[in-house]
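Tertiary structure, described
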Amino acid sequence: MTPDILLGRLDASALPWHEITEAENRLQLLSGIVGLAAALLAVVAALAVAAILTRRRGWGPLWRDWATSLDHKKIGIMYVVVAFAMLARGVAEAAVMRLQQALGADGGGILTPDHFGQLFSTHGTIMIFFVAMPFLTGLINFVMPMQIGARDVSFPLLNSVSLGLTVAGAALVMISLVIQPFSTGGWSGYPPFTEISFQPGAGPDYWIWAVTLSSLGSTLSGINFTVTIYKERCEGMRLMRMPMFCWTSLCTSILMIFAMPPLTVATGLLALDRYLGFHVFTNDGGGNVMLFANLFWLFGHPEVYILILPAFGVWSEVFSTFSGKGIYGYFTLVLATMCIAVLSFTVWVHHFFTMGQSADLNAVFGIATMTISIPTGVKIYDWMLTMYRGRVRITVPMVYAVGFLFLFVLGGMSGVLLANPSIDFQVHNTLFLVAHFHNMLIPGTLFGMIAGYTLWFPKAFGFRLDDRWGYRAAGLWIVGFILAFFPLYLLGLMGMPRRLVGFFEEGWLPLTLAALAGAGCIVLAVIALGVQLAVSIRRREALAVPVGDPWDGRSLEWALPAPAPEWNFPTDPVVNGRDAFMQLKRQGGHLDRPEGGFGDIRVPRESAIGPIVAVAGTAAGFALTWYIWWLAALSVAVIVGAMIARGFVRDAWRTIPAATVEAHWTAWRALADATPRVRRSDELRPANRGHAVPAAEERST
Amino acid sequence: MNTRHPGLNLGAHHGAADDAAEVEIFGFWVFMMSDAVLFGLLMATYVSFLGATHGGPGPQTLFDLRSITVQTVLLLTSSLTMGLAQLAMKHEEGTRRIVVWLLVSLGLGGAFLALEMHDFLSMIDKGGVPQASGFLSAYWALVPLHGLHVASAGLWMLAILGQMAWYGVDDGVKTGLLRLGVLWHFLDVVWIGIFTIVFVGGLA
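Here is what the cut-offs are and how they apply
- Residues numbered from 1 in each chain as written.
- Chains lettered and ligands numbered in written order.
- Predicted model: local features only at pLDDT ≥ 70, side-chain atom pairs only at ≥ 80, totals over all residues.
- Heavy atoms only, no water.
- UniProt positions renumbered as here; feature names shortened; annotations may be inferred.
- Helix = DSSP H or I, 4+ residues; strand = E, 2+ residues; numbered from the N terminus.
- Expected span 1.5 Å × (residues − 1).
- Buried < 20%, exposed > 50% of the residue type's maximum accessible area, 1.4 Å probe, protein only.
- Arc of directions from axis to C-beta.
- Contact = heavy atoms within 4.5 Å.
- Phe/Tyr/Trp six-rings, centres within 6.5 Å; stacked < 30°, edge-to-face > 60°.
- Lys NZ or Arg CZ within 6 Å of the ring centre and 35° of its normal.
- Buried area = accessible area lost by both parts, 1.4 Å probe.
- Salt bridge = Lys/Arg side-chain N within 4 Å of Asp/Glu carboxyl O.
- Polar contact = N/O pair within 3.5 Å; in protein donor to acceptor, adjacent residues only side chain to side chain.
- Nonpolar A, V, L, I, M, F, W, Y, C, P; charged D, E, K, R; others polar.

1. Thoughts on the UniProt feature "transmembrane region" (unreviewed entry) in chain B
- Within this structure's numbering, the places UniProt gives as "transmembrane region" (unreviewed entry) are residues 26-48, 68-87, 99-118, 138-161 and 182-203 of chain B.
- Secondary structure over residues 182-203 of chain B splits into 100% helix and 0% strand, and the C-alpha atoms at its two ends are 30 Å apart.

2. Looking at the UniProt feature "domain: Heme-copper oxidase subunit III family profile" (unreviewed entry) in chain B
- Mapped onto the present numbering, the UniProt feature "domain: Heme-copper oxidase subunit III family profile" (unreviewed entry) falls on residues 26-203 of chain B.
- Measuring from the first to the last C-alpha atom of residues 26-203 of chain B gives 37 Å, for a span that is 85% helix and 0% strand.

3. Examining helix α20 (residues 629-647) of chain A
All names here are of chain A.
- An ideal rise of 1.5 Å per residue puts 27 Å on 19 residues; α20 measures up with 27 Å between its terminal C-alpha atoms.
- Those residues of α20 lying buried are Leu 631, Ala 632, Ser 635 and Ala 642. For α20, the buried positions fall inside an angular range of 110° around the axis, keeping them on one side.
- Buried-residue contacts for α20 involve α19 (609-625).

4. What to know about the packing of aromatic side chains
- Throughout the structure, instances matching the rule amount to 54 aromatic pairs over all chains.
- Ring geometry for Tyr 230 of chain A versus Phe 26 of chain B: centroids 5.9 Å apart, planes at 75°, classification edge-to-face. Residue Tyr 230 of chain A is located in helix α7 (residues 203-231), and its partner Phe 26 of chain B is located in helix α1 (residues 16-48); the two belong to separate chains.
- An angle of 80° between the planes, with centres 6.1 Å apart, marks the rings of Tyr 139 of chain B and Phe 199 of chain B as edge-to-face. With Tyr 139 of chain B in helix α5 (residues 134-167) and Phe 199 of chain B in helix α6 (residues 171-203), the pair connects residues that are 60 residues apart, well separated along the chain. Each member of the pair Tyr 139 of chain B and Phe 199 of chain B is classed as buried.
- Through successive ring pairs, a cluster of aromatic residues spans Phe 129, Phe 130, Trp 187, Tyr 190, Phe 281, Phe 292, Phe 296, Trp 297 and Phe 299 of chain A.
- Here Lys 74 of chain A stacks its cationic end above the ring of Trp 66 of chain A, 5.4 Å away from the centre of that ring.
- A cation sits over an aromatic face here: Lys 231 of chain A above Phe 26 of chain B, 5.0 Å from the ring centre.

5. Considering the interface of chain A and chain B
- Residue-level contacts link 35 residues of chain A with 36 residues of chain B.
- Taking both sides of the interface into account, the surface hidden between chain A and chain B amounts to around 2800 Å²; carbon and sulfur atoms contribute 76%.
- Three residues stand out in chain A for area buried against chain B, namely Lys 231, Phe 648 and Arg 650 of chain A, and they jointly supply 24% of the buried area on that side.
- The tally of links between chain A and chain B comes to 2 salt bridges.
- Asp 170 of chain B is the partner of Arg 650 of chain A in a salt bridge, and the nearest nitrogen-oxygen pair spans 2.5 Å.
- Put simply, chain A and chain B have 9 residue pairs in polar contact (both at pLDDT 80 or more) between them.
- Of the residues belonging to the side of chain A that touches chain B, the class tally is 21 nonpolar, 10 polar and 4 charged.

This is the structure in structure tokens:
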């Protein structure tokens with residue numbers, strides 16, 4: 001078939017009902033219906049959002065106040081919104097896959113193997129690149145600049161461009177739900193299976209461009225955050241005084257700078273193979289498939305720590321805040337974070353122990369892998385000792401944190417097992433592995449992100465999240481996780497392979513049913529999070545914490561009103577030690593008028609470059625996927641043209657006059673004076689208006 | 001916090017551009033570090049594919065060391081002239097001198113690219129196309145990527161020259177030129193790696 005000039009190779013077979021019209025048996029029909037339903041859901045959701053925006057006249061504000069904003073807090077919030085939207089799809093897919101595996105005894109079920117293959121490929125791609133990455137990037141974006149006493153990140157426009165690239169990647173994956181198919185090559189996209197000779201269709205190309213766009217965005221975010229932490233810290237904020245979350249952000253960002261390029265190289269070379277007939281990863285012509293495994297996991301393993309370190313930062317803040325104590329072993333936690341970041345680059349070969357390299361090499365990488373459990377163990381003990389003799393309050397983030405402590409240690413131990421090459425040979429490519437990495441990433445990363453979302457939500461929007469629905473969601477997450485994934489350890493030991501569409505072994509059935517029940521709980525957990533948000537928005541008056549310190553916080557972001565003003569700090573803060581805000585509270589000085597008075601503040605002016613990159617990036621990825629060359633060329637030209645035009649912009653900043661800053665500060669100060677301070681025991685009641693009695697003070701009274 | 005770092009720093013009399021330079025140049029160097037990972041991995045790929053000629057033409061048939069040496073001289077000289085342009089800016093020797101040195105750099109970069117194109121075409125003539133073998137795929141993934149970087153840097157220089165025509169040597173132009181210089185010198189460093197590993201290493 002010769003590609004059409006206008007539409008490339010895009011034709012009617014890409015439409016979501018194609019599988020139904022072509023169906024030859026019941027299974028194909030069912031599979032087609034599942035696919036069509038998912039596509040309809042995506043379209044309806046998009047239309048519903050558009051309708052609500054139109055009805056509430058939201059397009060203008062969305063463009064002016066959000067899409068074009070360069071405020072790091074708003075960009076962070078938008079990242080988290082993307083993460084939650086994609087989480088909904090990722091969890092739904094997981095539930096469908098669990099359903100298939102429970103029904104798949106005797107080879108039945110509701111999905112064709114090809115459809116199932118697309119599901120686990122999008123599920124993995126989405127969860128890593130479009131849930132975990134945007135979530136942690138969003139949290140870092142929102143929190144880190146405030147914690148180091150900065151006004152913004154070093155490169156606010158670049159920040160918006162990074163978001164645009166991430167959104168473009170996410171949009172491509174969403175589009176693939178409607179204009180099908182996606183890759184069946186798994187989230188790691190191993191050639192030769194993703195080569196043109198095995199998958200000539202559009203699937204792997206969707207994967208390549210979605211992943212490439214988002215990894216470029218992550219590289220730029222890593223650069224931005226690293227430079228911000230090195231260069232924008234306020235006076236007195238030495239590196240060893242930074243909150244732990246900033247330390248983990250720094251190490252994660254450095255990992256992003258060095259670990260994302262290997263992925264770009266891997267996807268880029270795969271694209272050259274597919275588009276131009278190169279022989280890099282092909283079976284023939286002198287290509288080398290193992291090179292992809294090396295490049296991909298040279299990214300993929302550090303990626304695991306990119307995902308986990310920010311969560312470790314959140315846990316440090318959560319344990320310390322809700323124990324009313326400074327973090328135990330600050331120095332060792334910093335050291336452990338750095339060790340993990342360095343070691344993460346030394347273990348990538350454990351992802352292909354069974355691919356035929358020498359036993360000596362496997363031994364070296366096995367031992368290197370086990371070594372990571374040492375700094376991780378240090379962290380676990382530090383967190384437990386932070387709670388020891390503290391005044392522990394079991395708030396919602398603490399429920400996640402305690403669940404994390406137990407579950408993560410179990411997952412870590414299964415990791416030490418897998419690090420032994422001889423054991424890895426036994427459970428290779430079984431559900432044991434699937435159980436292991438979900439055990440790390442759900443209690444580790446996702447619980448951490450949700451805990452962080454709960455912790456910092458009041459700072460972002462000025463009101464707390466409803467805690468009853470928070471407890472319900474947390475309980476459902478923990479129970480659902482245990483039910484969904486512990487059976488998979490057993491199934492793996494019983495030899496059940498991963499990515500299996502159907503099976504004939506009766507003994508596996510009870511455990512797959514248990515896992516399905518767990519997946520059901522997790523779906524309920526996500527729904528509970530949605531209800532929590534809706535309930536909280538409705539009760540926002542009762543949950544409001546305008547003074548801005550609802551949890552007796554210890555770091556600088558809690559010194560600001562909630563929501564924080566665009567300029568963060570009315571004057572540049574000065575820090576004298578660790579737990580900067582706690583120290584200020586102890587000295588009773590945090591509400592004092594700034595000594596030097598107020599000054600004009602420069603903030604970045606709104607810019608359309610980020611949204612332009614998002615739209616043109618999506619168009620470029622879509623065009624390349626479907627061989628629509630004119631659109632690809634046009635989109636790239638738009639991006640390059642926008643960058644050149646941006647170079648000519650000179651009034652990129654606007655000034656907020658000192659009077660505005662002073663008026664804002666004075667009003668907040670008056671509010672704080674009028675707001676009664678609340679004891680920690682009352683922090684979940686409506687009495688909590690964000691004016692905390694420090695835990696230490698409460699103990700003495 | 002007035003630590004300095006590699007790069008041609010402006011002086012205090014450059015006002016706001018001097019304040020901005022530190023963060024912007026540092027950020028650009030960090031960007032270059034991630035770019036260096038990209039080139040490093042492609043060089044490693046090339047080395048591991050040296051033997052994978054799959055019956056196709058190898059380095060001995062394809063590479064013209066004389067032309068490569070001329071390209072190297074052109075590119076390294078353009079780094080010198082770029083440095084002279086930046087010095088002219090730093091010592092405020094007038095817009096004309098900056099523009100002249102920039103145009104000389106651009107010309108040298110263009111000559112490098114023209115010669116490289118010529119080499120590419122003659123390679124294709126000899127059957128050295130990327131589809132021929134893993135070795136050639138690795139070559140074509142690495143060397144043209146460097147050329148693409150040089151071409152982009154040239155486009156960026158044109159954009160900065162346009163800004164100079166519009167605004168004169170203002171703060172935006174100053175910090176832009178500093179960053180462009182970092183990219184320009186970085187591409188020389190990468191080229192030295194390519195010259196050594198791809199061409200000398202390939203022929204050795």
